[in-house]
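Remarks on the overall topology
Listed here are the chains, written in short residue letters.
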Amino acid sequence: MSVLDDEQRLAALSALEVMDTEPEPAFDAIVSAAAATSGMAISMISLLDQRRQWFKARVGLEGPNESPREHAICAHVVEQGATLEIIDALDDARFANNPFVAGPSHIRAYVGVPLVLSDGHTVGTLCVLDRSPKAINPAQRETLEHLARAAAALLDRRRADTSPTLDAVAANSQEAMIVVDFAGVIRSINSAAERLLSIEGERWIGRSIAEIEADQRSGSLERALSNVLISGERRDCELRVRDGDSASKRVVVSLVPVHDSGAKLVAIACVVRPRVVEREPTKGILDRALGVEIDRIASAPRDASHDSIDQSKVLLVDDDPTIIHLLRGALAEFEHVRFASNGSDALRIAREWKPGIILLDVELGDANGLDVCARIKADPEIADTPVIFVTAHDDILFEARAIASGATDFLSKPLSPARVRLRVHLHLRMRAQLEQLKQTVLTDELTRLANRRAFQAAISRECHRAASTGAISVLVIDIDYFKKLNDTYGHPMGDACLQSVAEAIAQSVSRPEDLCARIGGEEFAALLAGTEEAEARSVAERIRAAVIARAWPHGASPVAPHVTVSIGVAVRPKQSPTRERGAPTPAALVALADEALYRAKANGRNCVEVSVVATS
């Protein structure tokens, strides 16, 4: 039997409940990063079931969101369980006549990495494609494999993200409740709803909730459902529903979206009330349903990598003391909550305190909340902080402006404490998951140091922070005659050597504001913030001595019987305004460090050379 048709593999895919789901930001971010990393025009997350390949996320390719499985190049990756690279598909007899190659898509280059779940089952691929022959380099391949592992981890979490608690709440509720999926398909009906609508619940499971509407032409429920999906907020609609087989009655249906810990929409709770019934009982049951979800999110296991985000810090920004009091009460469980009543204080506190999340009023005394949000998102130190608008606005134009300013979500007035807690917990969890994904993408798998991408981002930030007068130093470190070591002892020994050198570098660069990275095969770098020449030279010598102290054997080295490193240092000294020369550029600093490294190698290796940016 083919691996593709293995029953356990298909069962693992089915358990994810991911096929035909809506797009999700985390998966979209992965395919965008894969395309940018590889230089390919197209990137997709492709999942394969019994008969088709379906794209969870994609960029660069229009058309249907699925194709027959027999046409899927990705099927070969799943079968083999290994990365597949095709430089030119027309030159490969297996794929030259494939519809994606010979047809209007004109695919020529392809790289596919298997998506392997934690239980070992391969459910699909992360693939990049191009319409011209193209190859990727080892660093690009390594990054694609990191991204594929991140995508598989996100898929793995779906198995723990089911929401049976909502069905349990509905079953035990005295209110008439119908639970539907995001497409409006009924998954459970409680006995109160059966009595109110005079229906047999079992006969309605799997049918569209729109069918309960007596006048199918009005489409009231379908419109309300669409508004919930677009806005992410509760919607109420009044309509006539079937009462048994013929008669009808007028009711109010409240549709409330329920999300899992990854902010994925898992269900919609539909509370049905006779039109004459007051709203307060419904609000109570909805708040209890939301409370169940809050408890589940808050008690979910946290990954250690989430610890870089202080999720106990919440910043509340509103010039209405009543709203501040209500929000503080809703978030009483949070240990650290600060307040601001105007935009300037909000920005100052956000930059100094770095909260985990910000709740921001749209109308402030001294500023427009949209402008404050845009300024938060423009500051690289706090740009990742989720901002939830607290607003009385309820129109699509405002939502478009808010999203453009960087808003994460909306809370509509009058505020529901349960909804406030739910949204805050959801977005803190989402931020932590995205932080974990970012760390995965920016970490070198072998050495656990930062990778080249992370180093480039960090040096860009540091150069921006240093502006025109700050000091900054860059070290480029190269293992001497590493190729000879690989040829003599083999690649496993070479990998172990790389890990040992990485540990020596990390232990020698001890300040938290500094960064150590592996930027090439045997090449490392260190970024030292605010560091002048003497200290930079001292750190470089400390690294060189630490590598020697490990006495890693290298019998093929002309320099010493053990592993040594050569180090080039580039220093941009602190400058006074009177001799300002402009902000240092990352490329210039790295090039200067490379020049110093070249001199160190020319001088016999196992030494440090320093270049200093001219200041006059």
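Residue numbering note: each chain is counted from 1, following its sequence as written. Given that this is a predicted model, residues contribute local features only at a pLDDT of at least 70 and side-chain atom pairs are listed and counted only at 80 or more, while totals for whole chains, interfaces and linings are drawn from all residues. Hydrogens and water molecules were not included; the side-chain quantities draw on all heavy atoms of the structure.

1. Focus: the overall build of the chain
Assigned secondary structure in the chain consists of 20 helices and 21 strands. Buried residues are those whose accessible area, probed at 1.4 Å on protein chains only, stays under 20% of the maximum for their type, while exposed residues exceed 50% and partly exposed ones sit between those limits. In the chain, which comprises 616 residues, the share counted as buried stands at 52%. Secondary structure elements are taken from DSSP: a helix is a run of H or I of four residues or more, a strand is a run of E of two residues or more, and numbering for both begins at the N terminus.

2. Comments concerning the confidence of the model for the chain
Looking at the chain, the pLDDT average stands at 82 and 85% of residues meet or exceed 70. Between residues 160–164, whose pLDDT stays under 50, and residues either more than four places distant or in other chains, the model counts 12 contacts. Confidence per residue, as judged by the predictor, is encoded in pLDDT with a range of 0 to 100. Whether two residues are in contact is decided by their heavy atoms: any pair within 4.5 Å suffices.

3. Here's the deal with the nonpolar core
Among the buried residues, those of types Ala, Val, Leu, Ile, Met, Phe, Trp, Tyr and Cys that are joined through side-chain atoms within 4.5 Å form a nonpolar core. By size, the foremost hydrophobic cluster in this structure holds 33 residues, and its most contacted members are Ile30, Ile45, Leu47, Leu115, Val123, Leu126 and Leu155. Contributions of two or more residues to this core are made by helix 1 (7–16), helix 2 (25–38), strand 1 (42–48), strand 2 (52–59), strand 5 (109–116), strand 6 (122–130), helix 5 (138–158) and helix 15 (417–441). With 7 residues, helix 5 is the single largest residue contributor to this core. Excluding its chain neighbours within four sequence positions, the residues that come into contact with Ile45 are Phe27, Ile30, Val31, Trp54, Phe55, Lys56, Ala57, Leu115, Thr125, Leu126 and Ala151. Counting 29 residues, the second-largest nonpolar core is a separate cluster that includes Cys497, Ile543, Ile567 and Val610.

4. Digging into the pattern of salt bridges
Oppositely charged side chains can pair when the atoms bearing their charge come close. A carboxyl oxygen of Asp or Glu within 4 Å of a side-chain nitrogen of Lys or Arg is what we treat as a salt bridge. For the structure on display, the rule yields 28 salt bridges. A salt bridge links Arg544 to Glu541, with the shortest nitrogen-to-oxygen separation between them at 3.0 Å. Here the residue Arg544 and the residue Glu541 both occupy positions in helix 19 (residues 533–549), the gap between them amounting to 3 residues, near one helical turn. The network of salt bridges with shared partners includes Asp20, Asp49, Arg52 and Glu66.

5. Section: the environment of Ile30
Looking at where Ile30 falls in the secondary structure, it is placed in helix 2. For the pair Ile30 and Arg58, spaced 28 residues apart in the sequence, the C-alpha separation amounts to 9.3 Å. Among all residues touching Ile30, those that are not within four sequence positions of it are Ile45, Leu126, Leu147, Ala150, Ala151, Leu154 and Leu437.

6. Considerations on the environment of Val474
With respect to the helices, strands and loops of the structure, Val474 is situated in strand 17 (residues 472–479). In this structure Val474 comes out as buried when scored by relative accessible area, which is 0%. Taking the C-alpha atoms as reference points, Val474 and Ala526, separated by 52 residues in sequence, lie 5.8 Å from one another. Apart from residues lying up to four places away in sequence, Val474 is in contact with Phe455, Ile459, Ala526, Leu527, Gly568, Val569, Ala570, Leu589 and Ala593.

7. Things to note about the sheet that holds strand 2
Strands qualify as paired when DSSP identifies two bridges or more between them. Spatial strand order, 3-2-1-6-5-4: 6 strands in an open sheet with antiparallel pairing. The sheet terminates laterally at strand 3 (66–68) and strand 4 (84–86), the two strands that pair on one side only. Each strand axis lies, on average, 25° off the axis of its neighbour in the sheet, ignoring direction. Every axis in this analysis is a line fitted to C-alpha atoms, fitted for helices over the stretch in contact. Angles between the N-to-C directions lie between 0 and 180 degrees. Sitting on the sheet, helix 2 touches strand 1, strand 2 and strand 6, and the angle it makes with strand 2 is about 75°.

8. Looking at the packing of helix 13 (residues 369–378) against helix 14 (residues 396–405)
Each pair of packed helices gets described by two things: the angle between the helix axes and the distance between those axes. Two elements in contact, helix 13 and helix 14, have axes whose closest approach is 8 Å; the angle formed by their N-to-C orientations is 25°. As the angle between them shows, helix 13 and helix 14 are arranged roughly parallel. Counting all contacts with helix 13, which are made through Leu370, Cys373, Ala374 and Lys377, the residues of helix 14 involved are Phe398, Arg401, Ala402 and Ser405. Its residues assigned to classes, the contact of helix 13 with helix 14 shows 5 nonpolar, 1 polar and 2 charged. Should an angle fall under 35 degrees it is taken as roughly parallel, and over 145 as roughly antiparallel, whereas 65 to 115 is taken as roughly perpendicular and any remaining angle as oblique. All residues other than Ala, Val, Leu, Ile, Met, Phe, Trp, Tyr, Cys, Pro, Asp, Glu, Lys and Arg, Gly among them, are scored as polar; the first ten of these are nonpolar and the last four charged.

9. Digging into empty space enclosed by the protein
Here the term cavity refers to a set of points on a 1 Å grid, laid over the protein atoms alone, in which a 1.4 Å probe fits but cannot get out; the term pocket refers to an open set having protein on both sides within 12 Å along at least five of seven lines, with lining residues being those that place an atom within 4 Å of a point. Grid points are joined across faces, edges and corners, and a volume is the space filled by probe spheres set on the points. This model, assessed by the stated rule, comprises 2 cavities of 30 Å³ or more. Looking at the largest cavity, its volume works out to about 70 Å³. Forming the walls of the largest cavity are Met44, Gln53, Leu61, Ala72, Ile73, Cys74, Phe100, Ile107, Tyr110 and Leu129. Across the lining of the largest cavity, the residue classes tally to 9 nonpolar, 1 polar and no charged.

10. Comments concerning the packing of helix 18 (residues 491–508) against helix 19
The geometry of helix 18 relative to helix 19 is characterised by a closest axis approach of 9 Å and an angle of 145° between their N-to-C directions. Judged by the twist between their axes, the crossing of helix 18 over helix 19 is right-handed. Of helix 19, the residues touching helix 18 (which contributes Val501, Ala504, Ile505 and Ser508) are Val539, Arg542, Ile543, Ala546 and Val547. Here the residues of the contact of helix 18 with helix 19 are counted per class, giving 7 nonpolar, 1 polar and 1 charged. Helix crossings are classified by the rotation of the near helix relative to the far one: an anticlockwise turn of less than a right angle makes the crossing left-handed, while a clockwise turn makes it right-handed.

11. Brief notes about the sheet that holds strand 20 (residues 565–572)
Read across the open sheet, the 5 strands follow the order 18-19-17-20-21; overall the sheet is mixed. Edge positions in the sheet fall to strand 18 (515–518) and strand 21 (608–612), since each has one partner strand and no second. For this sheet, the mean angle separating the axes of adjacent strands, direction not counted, is 15°.

12. Points about the side chain of Asn451
Looking at the secondary structure, you find Asn451 in the loop between helix 15 and helix 16 (452–466). Taking relative accessible area as the criterion, Asn451 reaches 8% and is therefore assigned buried. The definition of a polar contact used here is a pair of N or O atoms within 3.5 Å, where within protein one atom must be able to donate a hydrogen and the other to accept one, and adjacent residues in sequence count solely through side-chain atom pairs. Within the structure, the side chain of Asn451 is placed 3.2 Å from the backbone nitrogen of Arg453, a separation counted as a polar contact. Leave out the neighbours within four places in its chain, and Asn451 touches Val441, Leu442, Thr443, Asp444, Ala517 and Arg518.

13. Description of the packing of aromatic side chains
Pairing of aromatic side chains requires ring centres within 6.5 Å, counting the rings of Phe and Tyr and the six-membered ring of Trp. Pairs whose planes differ by under 30 degrees are stacked, by over 60 edge-to-face, and all others tilted. The full count for this structure, using the stated rule, is 0 aromatic pairs. A positively charged side chain is recorded as over a ring if its NZ (Lys) or CZ (Arg) lies within 6 Å of the ring centre. The angle to the ring normal must also be within 35 degrees. A cation sits over an aromatic face here: Arg338 above Trp353, 5.4 Å from the ring centre.

14. Considering helix 12 (residues 343–353)
All of the buried residues in helix 12 are Gly343, Ala346, Leu347, Ile349, Ala350 and Trp353. Those residues of helix 12 that are buried lie in contact with strand 12 (313–317), strand 13 (336–340), strand 14 (357–361) and helix 13.

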